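Report on the structure
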Amino acid sequence: ADHPMVEGGKYDYDLFVIGGGSGGLACSKEAVSWDARVAVADFVTPTPIGTTWGLGGTCVNVGCIPKKLMHQACLLSDAVEDAKSFGWQIADGKTHDWNAMVDNVQNHISSLNFKYRTELRQRGVEYLNARACFVDDHTVELTDKKGNVTRKTAEHFVIATGGRPKYLGIPNEKECCITSDDLFSLQKPPGKTLVVGASYVALECAGFLAGLGLPVAVAVRSILLRGFDRQCAEMVGRNMEAEGVLFYRECTPARLDKVDGGRVRVTFQGGREPEVFDTVLFATGRDPDTPGLNLAAAGLVGDAVTKAGKIFVDVADRADVPGLRGFGQTKVGHVFTLGDAAEGRNLKELTPVAIKAGEALARRLFAKPGGDPSVQPPNWNLVPTTVFTPSEYGCVGLSEEDAVAQFGEADVEVYLYEFTTLELGAAHRTRHPSTVDPEAPWDNASPTSCLAKLV
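Computed from a prediction, not measured in an experiment: that's the story for all the values here.

Concerning a nonpolar patch on the surface
- A cluster of nonpolar side chains, Phe 86, Trp 88 and Ile 90, forms an exposed patch at the surface whose accessible area comes to about 360 Å².
- By the element assignment, Ile 90 lies in the loop between helix H3 (64-85) and helix H4 (98-123).

Set out below in structure tokens:
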């Protein structure tokens, strides 16, 4: 590539990407298509129980892909029952094989890992399976799994390391719990499960586990689906309760202890009696996977980084590297951050957002010699998202609460339509037996399944 900063081979690469997730891979492939010299370093630190995975990042390995596939397994359970109402002769007493599902999901993920490695090689991106940390703002030190250490330099860096699960800081948590980083490759069914948290990840996991016939409780500190429309979030919770999910409101664990058979005794804050579970799943959010990067050596210190380790981007136009605000530019003008490690206005922690951000940055930097100033930064104001709970929830734009806060209640109109689809109405779905009043067994119809809301 013909760039002034790299004449005479001053740097090993035009672009060095730290993190092989959706954003990092998209950025690297777009950059190399414009003849940039590109490398991607990716390394996964095992979870406390030893889970690790291949190239592709959170979404592919321990997020969107396995979650959606296990959600599909949950939906198929209901579909089998619905089929009986439409004439299909299906034997009663269906069972689910957890290991068969996990094997199929993991085999699919392995095929994607292989596809990504092959694609990088075919396009000319150098893939380095090594942990990267900064030595200075143009140099990283790489340590592979055998302990071999090398150094590489680059004109531009992209930090796209994603995040790892948060813990609560309570006694014995890492010895006694798992996270979503572990759930999708468990070698045996999780059994009676306590899900800690009320984020979309928590409710999605609780939903498909219950749909597979497992007893599930959710410990909710405050509200369901913070940041989403309250009415829609509570409808999601109501429908999950009808599926047999228990919600422990205003409740968080205070400590975890192993008991006989590897089960976990959970002591709660707030007066709830201790309870024993086969599995405790923490889903209380994710922190940016940046602590091992030695950001200070790159100049990312002080007000450049949040307390949690996220990196502020696009705070102000820079005189030293101008015209790149809106593309994930950090306090250090030639270092950029994408995806869940970035902190900035209107940024969403969603895979398509990271992909589009990575592609736009690569085009801005490399589509023409010296960069292409005609490339515009993405607009994140209206990004749709979906929550894959048993009652799927899709939304775009402002929630009712945010609209009222922004425009005032007098200037906001809300249109509602609550209904059950023709197909589900004909199937006559019923609530989970545990939610039916034994003195009124006839009153067992599932609640209304759909809500359309326009704000």
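Overview of the pairing of strand E2 (residues 38-41)
- A two-sided burial pattern is seen for E2, the buried positions comprising Val 38 and Val 40 on one face and Ala 39 and Ala 41 on the other.
- In terms of strand pairing, strand E1 (residues 13-18) meets E2 through 4 bridges, oriented parallel. The residue bridging Ile 18 from the neighbouring strand is Ala 41, located in E2.
- Remark: the E1/helix H1 (residues 22-33)/E2 crossover connection has right-handed handedness.
- Summarising the sheet, E2 and strand E3 (residues 126-128) pair through 3 bridges and their orientation is parallel. Along E3, the bridge assignment pairs Ala 39 with Glu 126.

A few points about the sheet that holds strand E8 (residues 178-179)
- Taken in spatial order, the 5 strands of this open sheet run E8-E15-E9-E10-E11, and their pairing is parallel. If you trace the sheet from one side to the other, it starts and ends with E8 and strand E11 (246-249), each paired once.
- In terms of strand pairing, strand E9 (residues 193-196) meets strand E10 (residues 216-220) through 4 bridges, oriented parallel. Pairing of Leu 194 across the sheet is with Ala 217, part of E10.
- Where helix H7 (residues 200-211) meets the sheet, it contacts E9, E10, E11 and strand E15 (279-282), and its direction lies at approximately 165 degrees from that of E10.

Thoughts on the packing of H3 against H7
- One way to put it is that H3 packs onto H7 with a least axis distance of 8 Å and a crossing angle of 40 degrees. By crossing handedness, the relation of H3 to H7 is classed as left-handed. Within the contact between the two elements, H3 uses Lys 67, Met 70, His 71, Cys 74 and Ser 77 and H7 uses Glu 204, Gly 207, Phe 208 and Gly 211.
- For the contact of H3 with H7, a count of residues per class yields 3 nonpolar, 4 polar and 2 charged.

Thoughts on the side chain of Thr 161
- Note that Thr 161 resides in the loop between strand E6 (149-159) and strand E7 (163-165).
- There is a polar contact of 3.1 Å between the side chain of Thr 161 and the backbone oxygen of Asp 289.
- Residues contacting Thr 161, with those up to four places away along its chain left out, are Ile 18, Gly 19, Asp 289, Thr 290, Leu 293 and Ala 341.

Some words on the packing of aromatic side chains
- The full count for this structure, using the stated rule, is 8 aromatic pairs.
- Relative to Phe 282, the ring of Tyr 167 lies with its centre 6.2 Å away and its plane at 50 degrees, an arrangement referred to as tilted. Taken together, the residues Tyr 167 in the loop between E7 and helix H5 (173-176) and Phe 282 in strand E15 connect sequence positions 115 residues apart.
- In this structure Tyr 167 comes out as partly exposed when scored by relative accessible area, which is 25%.
- Considering the side-chain rings of Tyr 248 and Phe 268, the 6.0 Å spacing of their centres and the 80 degrees angle between planes classify their relative orientation as edge-to-face.

Some details on the pattern of salt bridges
- Here the structure, examined in full by the defined rule, presents 25 salt bridges.
- A salt bridge links Lys 67 to Glu 204; the nearest nitrogen and oxygen atoms lie 2.9 Å apart. Here Lys 67 is found in helix H3, whereas its partner Glu 204 is found in helix H7, with 137 residues between them in sequence.
- Looking at Lys 67, the relative accessible area reads 10%, which means it is buried.
- Overall, Glu 204 belongs to the buried group, its relative accessible area being 2%.

Some words on helix H8 (residues 230-242)
- Between its first and last C-alpha, H8 extends 18 Å over 13 residues, near the 18 Å set by a 1.5 Å rise per residue.
- If you follow the buried residues of H8, they end up packed against H7, E11, strand E21 (393-395), strand E22 (415-419) and strand E23 (450-454).
- A side-chain oxygen of the first residue of H8 lies 3.1 Å from the backbone nitrogen of Gln 231; this N-cap is Asp 229.
- Note on H8: the residue one or two positions beyond its end, Gly 244, has a positive phi of about 105 degrees.

Here is what the cut-offs are and how they apply
- Residues numbered from 1 in each chain as written.
- Predicted model: local features only at pLDDT ≥ 70, side-chain atom pairs only at ≥ 80, totals over all residues.
- Heavy atoms only, no water.
- Patch = residues over 30% accessible without salt bridge, like charges linked within 9 Å, V, L, I, M, F, W, Y side chains within 5 Å.
- Areas by Shrake-Rupley, 256 points an atom, 1.4 Å probe, with all protein chains shown as cover.
- Salt bridge = Lys/Arg side-chain N within 4 Å of Asp/Glu carboxyl O.
- Helix = DSSP H or I, 4+ residues; strand = E, 2+ residues; numbered from the N terminus.
- Buried < 20%, exposed > 50% of the residue type's maximum accessible area, 1.4 Å probe, protein only.
- Pairing = 2+ DSSP bridges.
- Right-handed = clockwise from strand over helix to strand, strands pointing away.
- Contact = heavy atoms within 4.5 Å.
- Axes fitted to C-alpha atoms, helices over the stretch in contact; angles between N-to-C directions.
- Left-handed = near helix turned anticlockwise from the far one by under 90°.
- Nonpolar A, V, L, I, M, F, W, Y, C, P; charged D, E, K, R; others polar.
- Polar contact = N/O pair within 3.5 Å; in protein donor to acceptor, adjacent residues only side chain to side chain.
- Phe/Tyr/Trp six-rings, centres within 6.5 Å; stacked < 30°, edge-to-face > 60°.
- Expected span 1.5 Å × (residues − 1).

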